[in-house]
Amino acid sequence: MNKYETKGARSAFRLALRELGYFFKGAAMNIFSLEFLMVLIPLLGLWELLPRMGVVPRTLVPPPSDVAVAAWDMFTKHNFLKDIGDSMLKFFMGLGIAVITAIPIGVLMGWNIAMRKRALPLFQLLAPIPPPAWVPITIIFFGIGLPMQTFLIFIGAFYPILFNTYQAVKDTEPRYLASARVFGASELALILHVYFWHALGAIIMSVKTGVAMGLVMLVIAEMYGGRTGIGYVLVEAKDYFQISKMVVCMVTLGVIGWFLIEALKFIELKLAVWKVGR
Amino acid sequence: MVSKPIFVALFFSLVLTACGEKDTQVKIGHGGGYLSAALYAAHGNFPVNMQQFRSSSDAAYLLLLGQLDAVFVEAEKLGALSRLEGFDRLTVVGKVTYPYGATLVLRKGLNKRLHELDGLTIAVSAPQCKLLTAFTEDAERLGADISGVRYKYMAFDAMVPALESGEVDAAIIRGTYSVVALQEGHFILYQNWDVQPGDECCPAIIDQAALALLAHRSKLDAIEPLLDALEKTRELSQDDLRRAVADNTVIPFEILQGQPVPEFSRADDELVEIFRQHSHDDDDHNHDHDDHYGNVCPLPPVLGYSGQAWQPPEV
């Protein structure tokens, strides 16, 4: 590596660090904004007080302080981080496969009418099937384990991404296309430089919906098979009457979902800035 | 033609009548399956509103909230359940016993004999579990070398799914799970029903209680006839009980043949005490052998699981 390459790598690293800093700052400002804290703090206070005052049974509705103790116990004694890691592995595998299949198919369906006529009816038939209804047949095909869980997360995230991408590509402004054609753009160039970029905001939005659906399916998948993961721990805690631990799992899922949405918002800000704030 | 005010009055009187109508039947929650044999059999002679749940814990929550009158819950959950607020309003009125048994189930498609187990991975609940001891002793007695077997520790609940996923090749399960394993198409290679109650292995082995019937104290009078009906099922033949299960579930009668039959008998809160003494507290959990939440065999007292030497109860 020559000195110019070293310098380039260093500045890229600095840039990445700076962007990461911006991301965390932005995410933190969203959750710790004065407006939101004015809602959050009274809610937490009420949640803490009601069980303590005996208005609701404390064992069935544990206050946040009990939940915090349970969280400490789970992270320090029960290796809950490993469960989070296992869940995230499945989640990103399922979501990743959904993203890399749904976006190209959606773009192709939006771009080409012949392709749309052949593929769209099939997806329109399959999409209304609620993702949890896929569980029994998935178990029959894949057995119980990682492939089955990954498929269920995939099926949860796939359709929102597919249909939003398709719709956004289909709705591309005709004058942009006409302008590009005037300058001699090929169909491939149109897909890569006009359709895709026009649809990007909607695609990122659809991935956000995919994240939410994927998390739903993650919990369902882990309820049905496997012995690790947040969903598994959640159901175990429920079955053994440990509500505080159940709440810890729910809060963890919420935090993961929030973090991923923030990450996607940041990506949207960087790649599709013209869509942000609309 | 009916005038509008009369129509409205009629409509509301109908709605109010429907709302006011009380369901007089005893509402009982259960997890279904083979262990509900007595309930299925009693249901034929006694009107009862049976509500099946995927997990008996869900039914237990509804019992605590007063939406059910009685619930069959896994006996090993009694300890954890008894720590919840409102449990003092409940009482144990019966139990379903089933031989604990040591059963070695082979994954479907794995055609092995007892002396061919070397190199396989077998799921067991704990290193010192009595079921494992019974199996190894019997294997040695029959001349099978199982020194090359790898053991994987997991909760009984997780064993059949682990067989399904191929995570393990075989599992040493307790008797109550053998029907589930057979139903999934797995194959029983070895079964020993002589594992006696009161050994040091698992809390659930005490008294061979598989399920406990919990009821609201305020509903005891209403439940009494149901308890009589449940007790009377002991007079039925084993095949009658198996038939009741086959008629009410998707378990084929043929699978149940050859399996012991679960029995219902009356019980009291002493059962809660027994399970409470031997259920897990998070602080003294042995984390080497648990899953997450105490759904495991504890280690025997010699390994210092609870810090106190445990005395088997008199049976």
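Everything numeric here is computed off the predicted structure, so don't read it as measured data.

Participant: I keep staring at the overall build of chain A and nothing clicks. Help me out?
Facilitator: For chain A, the count of helices and strands is eleven helices and zero strands. Seen through its principal axes, chain A has C-alpha atoms that stretch 75 × 50 × 45 Å. Split into buried and exposed, the 278 residues of chain A put 34% on the buried side.

Participant: I tried to follow the interface of chain A and chain B on my own but got confused; where do I start?
Facilitator: Interfaces are often sized by the accessible area lost when the parts come together. At the interface, 20 residues of chain A touch 22 residues of chain B. Among the elements that take part in the side of chain A that touches chain B, helix α10 (residues 230–239) of chain A stands out by supplying five residues, more than any other. Across the side of chain A that touches chain B, the residue classes tally to seven nonpolar, six polar and seven charged.

Participant: What is the right way to read the nonpolar core from this model?
Facilitator: Burial of nonpolar side chains together is a common tendency in soluble globular proteins. Formed by 102 residues in total, the largest nonpolar core has its most connected members in A171(B) and A212(B). With seven residues, the top contributor of residues to this core is strand β10 (residues 209–216) of chain B. In contact with A212(B), not counting residues within four places along its chain, are V73(B), A75(B), L78(B), V92(B), K95(B), A267(B) and L271(B). Counting residues in each nonpolar core, the second largest holds 40 residues, with F158(A), Y195(A), F196(A) and L218(A) among its members.

Participant: Any chance you could explain the sheet that holds strand β4 (residues 90–97) of chain B here in plain terms?
Facilitator: Hydrogen bonding along the main chain pairs the strands of a sheet, whether they run parallel or antiparallel. All names here are of chain B. The sheet built from six strands is open, its strands ordered β2-β1-β3-β10-β4-β11 with mixed pairing. In this open sheet, the two edge strands, each paired with only one partner strand, are β2 (48–52) and β11 (263–266). Neighbour-to-neighbour, the strand axes of the sheet open up by a mean angle of 25°, direction not taken into account. In this structure, strand β1 (residues 26–30) lies alongside strand β3 (residues 70–74), joined through two bridges in parallel fashion.

Participant: Just to check I follow, could you spell out the environment of T138(A) for this structure?
Facilitator: All names here are of chain A. Structurally, the position occupied by T138 is in helix α6 (residues 135–142). Along the sequence, T138 and K7 sit 131 residues apart, while their C-alpha atoms lie 51 Å from each other. Here T138 is in contact with M148, F151 and L152, once residues within four sequence places are set aside.

Participant: What is the right way to read the domain arrangement of chain B from this model?
Facilitator: All names here are of chain B. Taken domain by domain, chain B comprises domain 1 (7–99 + 204–278) and domain 2 (102–196). Using C-alpha coordinates to define each centre, domain 1 is positioned 30 Å away from domain 2. Contact with domain 1, which involves eleven residues of that partner, is made by eight residues of domain 2. Considering only residue class, the side of domain 1 that touches domain 2 consists of ten nonpolar, one polar and no charged.

Participant: Help me understand the pairing of β3(B), please; the structure alone is not making it clear to me.
Facilitator: The side chains of a regular strand alternate, first on one face of the sheet and then on the other. All names here are of chain B. With five of five residues buried, β3 is to be regarded as a mostly interior element. Side chains A70, F72 and E74 of β3 all project onto a buried face; the interleaved residues V71 and V73 project onto the opposite face, where all are buried too. Sheet topology note: the β3/β10 ladder contains five bridges and is antiparallel. Each residue of the ladder has a partner; that of V71, found in β10, is L214.

Participant: Please explain the sheet that holds strand β7 (residues 150–153) of chain B as it appears in this structure.
Facilitator: Residue and element names in this part refer to chain B. Spatial ordering of the open sheet is given by β7-β6-β8-β5-β9, a layout of five strands whose pairing is mixed. Only two strands of the sheet have a single neighbouring strand rather than two, namely β7 and β9 (187–192). Recorded for the sheet is a direction-independent mean angle of 25° between the axes of neighbouring strands. Across two bridges, strand β6 (residues 121–124) lies against strand β8 (residues 170–174) in parallel orientation. Bridge pairing in β8 links A123 to A171.

Basis of the calculations
- Residues numbered from 1 in each chain as written.
- Chains lettered and ligands numbered in written order.
- Predicted model: local features only at pLDDT ≥ 70, side-chain atom pairs only at ≥ 80, totals over all residues.
- Helix = DSSP H or I, 4+ residues; strand = E, 2+ residues; numbered from the N terminus.
- Buried ≥ 20, exposed ≤ 12 C-beta atoms within 10 Å, placed from the backbone.
- Contact = placed C-beta atoms within 7 Å.
- Nonpolar A, V, L, I, M, F, W, Y, C, P; charged D, E, K, R; others polar.
- Core = buried A, V, L, I, M, F, W, Y, C linked by C-beta atoms within 7 Å.
- Pairing = 2+ DSSP bridges.
- Axes fitted to C-alpha atoms, helices over the stretch in contact; angles between N-to-C directions.
- Domains from an automatic or database assignment.

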